[in-house]
Amino acid sequence: MKRLVWFRGKDLRVNDHRPLFDAQDSAACVFVLDPFFFQAQRARRMSNRMAYLLESLRELETSIASLGGQLLLVEGRSTEVIPKLAEELHVDEVVAYRWTEPFGRERDRRVEEALTVPLRLYEGETLMPPGALRTKAGGPFSVFTPFYRSFRKSFEPTTPVPAPAKIRPIRAPLSLNVRSVPNPNELGLRPSPQRIGGGEAAARARLDEFIDGKLSGYQIQRDVMGVPGTSRLSQDLKFGTLSAHTLWQRITSSGLQAADVEAYCRELVWRDFSHSCLWHHPDLLERPFRPQWANFPWAVNPEGWGRWISGHTGYPIVDAASRQLLQTGFVHNRARMIAASFLTKHLRISYRCGEAHYLTHLTDGDWAQNNAGWQWAAGCGCDSQPYFRVFNPELQGKRFDPDGAYVRRFVPELAALEDRDIHAPWKAPAARLAAAGVTLGETYPHPVVDHAKARKDYLDLVRAHIQSPPHRK
Ligand SMILES: Cc1cc2nc3c(=O)[nH]c(=O)nc-3n(C[C@H](O)[C@H](O)[C@H](O)COP(=O)(O)OP(=O)(O)OC[C@H]3O[C@@H](n4cnc5c(N)ncnc54)[C@H](O)[C@@H]3O)c2cc1C
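Because the structure is predicted, anything quoted here is derived from the model rather than measured.

Quick notes on the rules
- Positions within a chain are numbered from 1, following the residues in the order the chain's sequence is written.
- This being a predicted model, a pLDDT of at least 70 is required before a residue's local features are given, and a value of 80 or more before pairs of side-chain atoms are given or counted; all residues contribute to the totals for chains, interfaces and linings.
- Excluded from the side-chain calculations are hydrogens and water; all other atoms, namely the structure's heavy atoms, are used.
- Being near a molecule or strand, for a residue, comes down to having at least one heavy atom within 4 Å of it.
- Within 3.5 Å is the distance limit for a polar contact, defined as a pair of N or O atoms, with the added protein rule that one can donate a hydrogen and the other accept it, and that residues adjacent in sequence qualify only through two side-chain atoms.
- Reported accessibility uses the Shrake-Rupley method at a 1.4 Å probe radius. Residues are deemed covered only where the shown protein chains occlude them.
- The way it works is that DSSP assigns letters per residue, a run of H or I at least four long becomes a helix, a run of E at least two long becomes a strand, and they are numbered from the N terminus.
- When residues are grouped by polarity, Ala, Val, Leu, Ile, Met, Phe, Trp, Tyr, Cys and Pro land in nonpolar, Asp, Glu, Lys and Arg in charged, and all others, Gly among them, in polar.
- Each pair of strands is called paired provided DSSP finds at least two bridges between the two strands.
- Any two residues having at least one pair of non-hydrogen atoms within 4.5 Å are treated as being in contact.
- Inter-axis angles, ranging from 0 to 180 degrees, are taken between N-to-C directions of lines fitted to C-alpha atoms, where helices are fitted over the stretch in contact.
- For the exposure calls, accessible area comes from a 1.4 Å probe over protein chains only, and a residue counts as buried if that area is under 20% of its type's maximum, exposed if over 50%, partly exposed in between.
- Only centres within 6.5 Å qualify two rings of Phe, Tyr or Trp (six-membered ring in Trp) as a pair; their planes then separate them into stacked at under 30 degrees, edge-to-face at over 60, and tilted for everything else.
- In these notes, a set of buried Ala, Val, Leu, Ile, Met, Phe, Trp, Tyr and Cys residues joined through side-chain atoms within 4.5 Å is what counts as a nonpolar core.
- The working definition used for a salt bridge is a side-chain nitrogen of Lys or Arg within 4 Å of a carboxyl oxygen of Asp or Glu.
- By definition, disulfides here are pairs of cysteine sulfur atoms that lie within 2.5 Å.
- Reported orientations rely on four angle classes, namely roughly parallel under 35 degrees, roughly antiparallel over 145, roughly perpendicular from 65 to 115, and oblique for the rest.

Trainee: Tell me about the site of the ligand, and name the residues and values.
Mentor: The local shell around the ligand holds 26 residues, among which Y218, T230, S231, R232 and N333 are the closest. Within the side chain of Y218, one N or O atom sits 2.5 Å away from an oxygen atom of the ligand. T230 is positioned with one of its side-chain polar atoms (N or O) 2.7 Å from an oxygen atom of the ligand. For the ligand, whose accessible area on its own is 820 Å², the fraction buried by protein is 95%. Elements that contribute at least two residues to the shell around the ligand include exactly α10 (234-239), α12 (258-280), α15 (333-346) and α17 (367-378). Examining the composition of the shell around the ligand, we find that 5 residues originate from one element, α12, more than from any other. For the shell around the ligand, a count of residues per class yields 12 nonpolar, 8 polar and 6 charged.

Encoded structure:
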């Protein structure tokens, strides 16, 4: 059987790539440079993600060539390129991994409609196919713990498949223009020099390093922002340079402390949960899961917004998160939670602004994951943080960055402050500020809002909104 293996940017690997593995005896491989992603202006806005994608594509091209195949890179709309290629290569089917996002599903529907051969979609972006788990009543889960219980009962791990030993390529004269991987300069990308690099080999090396080192102690260290205690594999999962199944298999067979392994597996299932929620509720990318939030009176607050994105709110832990994002294209999970809570609850700026800003800069920026994270923090999503839980940035900092290492790294103007002052410089006596070279209002800002007042104002507003919801009128 002749197959066209359609790589789509969430599966940029040759190991544990089932569509490729099944097709190896007669395969043509393609990646479509669709203007939806590759239009220069759009690509430039997401420089970190695009740079990772291009690096991974370049490596994939080489890996496929070393196996005897060829990765065809073709510019155009998938809905036109794929049917045309399928026809010119005389394939019997087109194979690819399924996407969760509504626009990906719609693209696949259109491609399927335009094809004269079947489009076979494989599961595998997540551990279990999104939509596979249902409540006893047959509905989708909207709370994580029962989802996790159900996952643990039904999940049967699959053994990852190796890279094909050899790919027998299908060759045919093509009317479409096949090109090389675009150069980052061609798209005008300006990625952060500190961002994490792409490619399957680097992702696998990161996994090895994590299992040899940081997995042991993960349960405790994962929340400490100043130490590298997490796997840093999120972009690899997003672009599929590492498969979720490989990760699961390697973690669960590591032989390390059960508590660390369990804590890590739970995070991976949170990822499945985000995808499952988006699968069942495709409009989540447009509106909150909880309908009473649809018309919440978010503030128009340009000053707060400007201070939050640049990392000058006067709350060191919030500022460190914002600056980590701009400098490195990554933010520690705990810092994401604190920064998102601050934006939506202290500054009352819509989670959708924060969501878009994160999606622009994060190398791991993923529609399902990012949306779930923001809706969780804003209190309007599936199984989200209750609205009345407002993180106190000072206490969060003291608890999860006790020696201030995270703040010192990303807010260097506070680096010389003592540990006891680093998360609340506005409370430090003048002499200690002077000794550390900090002048509030000059070298570092006063807090943009008072925590206690902002918290009260926010809770009053939410309660009034919930008690008298215009959406029910
Ligand atoms: C506001 C906000 C936005 C977020 N945006 C994204 C995003 O765009 N892309 C993304 O991959 N993750 C996102 N997350 C989840 C989480 O912050 C990142 O997955 C994590 O920080 C990645 O670092 P890591 O790989 O070292 O994580 P580890 O702690 O090593 O976790 C392992 C893997 O589990 C998954 N995971 C970990 N934490 C979570 C979580 N809270 N929810 C869902 N899955 C999780 C990730 O795939 C991660 O790679 C967001 C969280 C919040 C609060």
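Trainee: An account of the sheet that holds strand β1 (residues 3-7) is needed here, citing residue identities and associated values.
Mentor: Pairing within the open sheet is mixed, and its 6 strands lie in the order β5-β4-β1-β2-β3-β6. Two strands lie at the open edges of the sheet, namely β5 (119-122) and β6 (178-179), each paired on one side alone. Strand direction decides the pairing type here: β1 and strand β2 (residues 27-33), joined by 5 bridges, are parallel. The residue of β2 that forms the bridge with F7 is F31. Here helix α4 (residues 47-66) sits on the sheet in contact with β1, β2 and β3 (71-75), set at roughly 140° to β3.

Trainee: Run through the environment of T439, naming residues and quoting values.
Mentor: Residue placement: T439 occurs in the loop between α21 (430-435) and α22 (451-467). Assessed through its relative accessible area of 36%, T439 is described here as partly exposed. For T439 and N48, which are 391 residues apart along the polypeptide, the C-alpha to C-alpha distance reads 34 Å.

Trainee: Could you give an account of the packing of aromatic side chains, naming the residues involved and the relevant values?
Mentor: Evaluation of the coordinates by the stated rule reveals 33 aromatic pairs. With 6.0 Å between their ring centres and 75° between their planes, W308 and W374 make a pair best called edge-to-face. Of this pair, W308 sits in helix α13 (residues 302-310) while W374 is found in helix α17, placing the two residues 66 residues apart along the sequence. What makes W374 buried here is its relative accessible area of 2%. Note on Y358 and W374: the rings are 5.1 Å apart at their centroids and 85° apart in plane angle, and the pair reads as edge-to-face.

Trainee: For the pairing of β3, give the residues involved together with the corresponding values.
Mentor: When you tally the buried positions in β3, you get 4 out of 5 residues, the bulk of the element. Relative to β3, β2 runs parallel, the two being bridged by 5 bridges. Across the sheet, residue V30 finds its bridge partner in β3, namely L72. Where β3 meets β6, 2 bridges bridge the pair, whose relative direction is antiparallel. Bridge pairing in β6 links L73 to R179.

Trainee: Account for unusual backbone geometry, naming residues and giving values.
Mentor: Excluding glycine, residues mostly have negative phi values, and the peptide bonds linking residues are mostly trans. Of note, the phi angle at H90 is positive, near 55°, even though the residue is not glycine. Residue position: H90 is located in the loop between α5 (78-89) and β4 (93-97). The exposed category is assigned to H90, whose relative accessible area is 56%. Phi at R232 takes a positive value of approximately 55°, unusual for a residue other than glycine. Relative to the assigned elements, R232 resides in the loop between α9 (218-221) and α10.

Trainee: Describe in detail the nonpolar core, supporting the description with residues and values.
Mentor: Of all hydrophobic cores here, the largest spans 72 residues; its most connected members are F7, F31, F38, L247, I251 and Y264. It is α12 that contributes the most residues to this core, 9 residues altogether. Among the nonpolar cores identified, the runner-up in size contains 47 residues, and M225, A320, M337 and A436 belong to it.

Trainee: Outline the side chain of S192, supporting the account with residue identities and numerical values.
Mentor: Looking at the element boundaries, S192 is found in the loop between β6 and α8 (200-212). In contact with S192, other than residues within four places in its own chain, are N48, L326, Q327 and T328.

Trainee: Lay out the pattern of salt bridges in plain terms, naming residues and giving numbers.
Mentor: Summed over the entire model, instances satisfying the criterion amount to 31 salt bridges. Of the charged contacts in the structure, one is a salt bridge between E394 and K398, with a shortest N-O distance of 2.8 Å. Of this pair, E394 and K398 both sit in helix α18 (residues 393-400), separated by 4 residues, roughly a single helical turn. Assessed through its relative accessible area of 7%, E394 is described here as buried.

Trainee: Break down the state of the cysteines for me, with residues and values.
Mentor: One way to say it: the disulfide is the covalent bond shared by the sulfur atoms of two cysteines. Enumeration over the complete set of coordinates arrives at 0 disulfides. Residue C265 stays outside any disulfide, its sulfur separated by 19 Å from that of C277, the closest cysteine. With relative accessibility at 1%, the residue C265 sits in the buried group. Between C353, a free cysteine, and C380, which holds the nearest cysteine sulfur, the sulfur-to-sulfur gap is 12 Å.

Trainee: Could you give an account of the packing of α13 against helix α14 (residues 316-328), naming the residues involved and the relevant values?
Mentor: A pair of packed helices can be characterised by two numbers: the angle between their axes and the separation between those axes. Where α13 meets α14, the axes come as close as 6 Å, and the angle between the chain directions of the two elements is 65°. Accordingly, the angle class assigned to the pair α13 and α14 is roughly perpendicular. Residues W308, I309 and S310 of α13 lie in contact with α14, whose contacting residues are V318, S322, R323 and L326. Of the residues in the contact of α13 with α14, the class split is 4 nonpolar, 2 polar and 1 charged.

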